[in-house]
Amino acid sequence: MTTLSELLNLPRYNDLQFLTKYKGPNDTNINSIEISETPDIEHYIPNRTVLLTTGMIYQGDQSKLKSLIDSLIRAKTIGMGIKVNRFLGQIDDEIIKYADSKNFPIFKIPDHYNLGSLLHQWMDIVRHEKHEEIDFALDIQRLFQNLVVQDAPIQLYINEFSQMIRNPVILLDSFYEVITYSNHFKNQPDKVNDFIKQIRLQSVDMTDETHSYIVKDFDNNPIQIAVRELNIHNFFSEYLVILHPEQIPQPLNHFAMDQAALALNFVLLKNDKVHQIELTTEAEYFKDWIQEKFDFSQTHQYKYGFISSNYYQVIKVSDLSILNKQKEKSISHRETLWLIALWLEKSLSDISPQAKVIYSSSNLETLILLQEPIENLTAKLEKLANILEKRTAISIAYNVGSPVNSVNLIERSLTQARITHDERMEQSSSETVTTYENKGILHLFTTIDQQQVDFFIQNILGPFADLSNDSLSDLRETMYVYLSSQCEIAQTASKLYVHRNTVKYRIQKCEEILERDITEPEYSLNLRMALELLLNHKK
């Protein structure tokens, strides 16, 4: 890593001096050194180049140097060295002021320098730095290759990499939470958490390149950190954080970082796939478990955190981004559901240590199984959803089945959670928590043509189907309450606040109009369904 300022600060070149008050970045690395005397150099000089020249074509009119400066700026060169006392003598103040106004560095080269020799000396320095960068990157590659062969844990990768660059290192997951960190923080985990909180607040737009920015230490002093994105998924990333990257003695160039990122990507991907297999195995166990394929009274033992309990409740987790149904079954949806499962696995212990996350890659489904009752469940689930959305922009919702009291009823709670999820999709509901509502047998009528439903109501209720006939209103209401009260006259009278004889009279009138005994079992059931459908339609 060689900059123009570093070259001019070398003792052997102490007579090379800046003429301008250059205030640009001093960390721009030199890519090449060129010698030229032509005014159209802009068209062939590579960027990040330092130009050496005698300026002989400008000895009659130095003002034309302004056009040269402009062209070099367009070509993204780093600066220009002019050999004085040969053709130009001294550089006019007007030219120096113009270069200052453009923030373009110009330095003077004394007459005793040979430009060709200076070019070769400087290129040797630049090439030497580049060789060091490559050697350093290859050292990292060899180190990580050996660790891969040894199937080393990721903690060892981070420690070895940290020792090589002699700086603290932290590895973060997609939620900006710590996976591991180097031994620098072995006795100071609070420092790690403090740095991570600041990184979350930075809201930096990460790219494939290393991104540097500033955080504060415990004494409120600024610290530079470099954050490198690690891509093991298409849409979500992990992050490698390096503290004090400016103090790294070896040249930590992009090539070196690429080698570290490549090895870490491999290990993270391997661990990710192994974890997916583990959760898939647990999902298969859950499927067999709720279908009672195991005999726990014999030798079989509970596994994977599933326990014997008198309370079970299934929650199906929705990815709200597929409400438009364009993302469903896509790669991004698959990755999102997996990331949701990882997040819940990390976070559910705060709600209940007995909660289980069940992820099925084949069904593209993420479930939660509660194995004990939870107070304020809705509020706690909403809190987890809010945190996840802030950190990853993933919006989730929960579809909650009813609690059951035995293993052989878990499938009922699961079915209810899935029904609630499907209804959410149909209605495009974005509520965070939705609980299953038992609609009973009337729910079946939602799949029947409305004309057929109307015919059923009219056929069973006859004149009572006409809601506009106010004279039948009291009779209809009494019949509805009477049938809903298991045909108990006293209970019906109590609910309607009327005398028992009034109930008897009204029921008798209803039977006269319908010409049927309304307490006949089959007819009574049809009447109740027809009245429910009619009154629901009225609402």
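One can find the structure itself at the top, above this paragraph.
The structure contained in this document is the topic of the report that follows. (Residues numbered from 1 in each chain as written. Predicted model: local features only at pLDDT ≥ 70, side-chain atom pairs only at ≥ 80, totals over all residues. Heavy atoms only, no water.)

## Focus on the sheet that holds strand β15 (residues 433–435)
Formally: At least two DSSP bridges between two strands are required for those strands to pair. Secondary structure elements follow DSSP: runs of H or I no shorter than four residues count as helices, runs of E no shorter than two count as strands, and numbering proceeds from the N terminus. For helices, the fitted line uses only the C-alpha atoms of the stretch in contact; every axis is such a line through C-alpha atoms, and the angle between N-to-C directions lies from 0 to 180 degrees. Should any heavy atoms of two residues lie within 4.5 Å, those residues are counted as being in contact.
Strands sit in the order β12-β13-β11-β14-β15 across an open sheet of five strands; the sheet is mixed. The two strands at the open ends of the sheet, each matched to only one other strand, are β12 (356–360) and β15. For this sheet, the mean inter-axis angle between neighbouring strands, taken without regard to orientation, is 25 degrees. Across the sheet, helix α10 (residues 410–427) is in contact with β11 (313–319), β13 (365–370), β14 (396–400) and β15; its angle to β11 comes to roughly 25 degrees.

## What about the packing of aromatic side chains?
Using the following cut-off: Planes of paired rings set the category: under 30 degrees apart is stacked, over 60 is edge-to-face and the rest tilted, where pairs are Phe, Tyr or Trp rings (Trp by its six-membered ring) whose centres lie within 6.5 Å. By definition here, charges over rings are those cases where NZ of Lys or CZ of Arg is within 6 Å of the ring centre and within 35 degrees of the ring normal.
Summed over all chains, the structure comprises 14 aromatic pairs. Joined through ring pairs, the aromatic side chains of Y285, F286, W289, Y302, Y304, F306 and Y312 make up one cluster. Between the NZ or CZ atom of K356 and the centre of the ring of F306, over which it lies, the distance is 5.2 Å. Between the NZ or CZ atom of R516 and the centre of the ring of Y523, over which it lies, the distance is 4.2 Å.

## As for the layout of surface pockets
The condition that has to hold: In this analysis a 1.4 Å probe is tested at points of a 1 Å grid over the protein atoms alone, and where it fits but cannot get out there is a cavity; an open set with protein on both sides within 12 Å along at least five of seven lines is a pocket; lining residues have an atom within 4 Å of a point. Grid points are joined across faces, edges and corners, and a volume is the space filled by probe spheres set on the points. Gly counts as polar in this scheme, as do all residues outside two lists: the nonpolar Ala, Val, Leu, Ile, Met, Phe, Trp, Tyr, Cys and Pro, and the charged Asp, Glu, Lys and Arg.
In this structure, the second largest pocket encloses a volume near 380 Å³. What lines the second largest pocket is a set of 15 residues, among which D173, I179, D272, H275 and L342 lie closest to the centre. Of all the elements in the fold, those that place two or more residues in the lining of the second largest pocket are α7 (254–290) and α8 (331–347). The residue inventory of the lining of the second largest pocket, partitioned by class, reads six nonpolar, four polar and five charged.

## A word on the packing of helix α13 (residues 489–496) against helix α14 (residues 500–514)
Note the following rule: To sort the angles, those under 35 degrees are grouped as roughly parallel, those over 145 as roughly antiparallel, those from 65 to 115 as roughly perpendicular, and the leftovers as oblique.
Relative to each other, α13 and α14 sit at 105 degrees, their axes nearing to 8 Å. Viewed along their axes, α13 and α14 adopt a mutual orientation that is roughly perpendicular. Facing I489, A490, T492 and A493 of α13, the residues of α14 in contact are R500, V503 and K504. Residue composition of the contact of α13 with α14, grouped by class: four nonpolar, one polar and two charged.

## Topic: the packing of helix α12 (residues 473–484) against α13
To keep things clear, this is the line we draw: Take the far helix as your reference; a near helix turned counterclockwise from it by less than a right angle gives a left-handed crossing, and one turned clockwise gives a right-handed crossing.
It is the contact of α12 with α13, at a shortest axis distance of 9 Å, that shows an interaxial angle of 125 degrees. Relative to α13, the element α12 is oriented oblique. For α12 against α13, the interelement crossing comes out right-handed. Contact residues: E477, T478, V481 and Y482 in α12; I489, T492, K495 and L496 in α13.

## Quick notes on the sheet that holds strand β8 (residues 211–216)
The strand order across the open sheet built from five strands is β7-β6-β10-β9-β8, with neighbouring strands paired in antiparallel fashion. Both outer strands of the open sheet, β7 (178–181) and β8, are each paired with one neighbouring strand and no more. The sheet shows a mean angle of 25 degrees between the axes of neighbouring strands, direction not considered. Note that strand β6 (residues 169–172) and β7 share three bridges and pair antiparallel. Opposite L172, over in β7, you have V178 as the bridge partner.

## A word on the pattern of salt bridges
Where we set the bar: Every case where a carboxyl oxygen of Asp or Glu lies within 4 Å of a side-chain nitrogen of Lys or Arg is listed as a salt bridge. Each residue is placed in one exposure class: buried if its accessible area under a 1.4 Å probe, protein chains only, is under 20% of its type's maximum, exposed if it is over 50%, and partly exposed if it falls in between.
Enumeration over the complete set of coordinates arrives at 11 salt bridges. Across the pair K270 and D151 runs a salt bridge, and its minimum N-O distance is 2.6 Å. With K270 in helix α7 and D151 in the loop between α4 (115–149) and α5 (154–165), this residue pair connects regions lying 119 residues apart in the sequence. Taking the relative accessible area as the measure of exposure, K270 reaches 31% and is therefore partly exposed. Accessibility expressed as a relative area gives 52% for D151, which makes it exposed. The partner of R516 in a salt bridge is E520, with the nearest N and O atoms 3.1 Å apart. Look at R516 and you get partly exposed, because its relative accessible area is 38%. In the salt-bridge network here, residues are joined through shared partners; they are D173, E177, K346 and R391.

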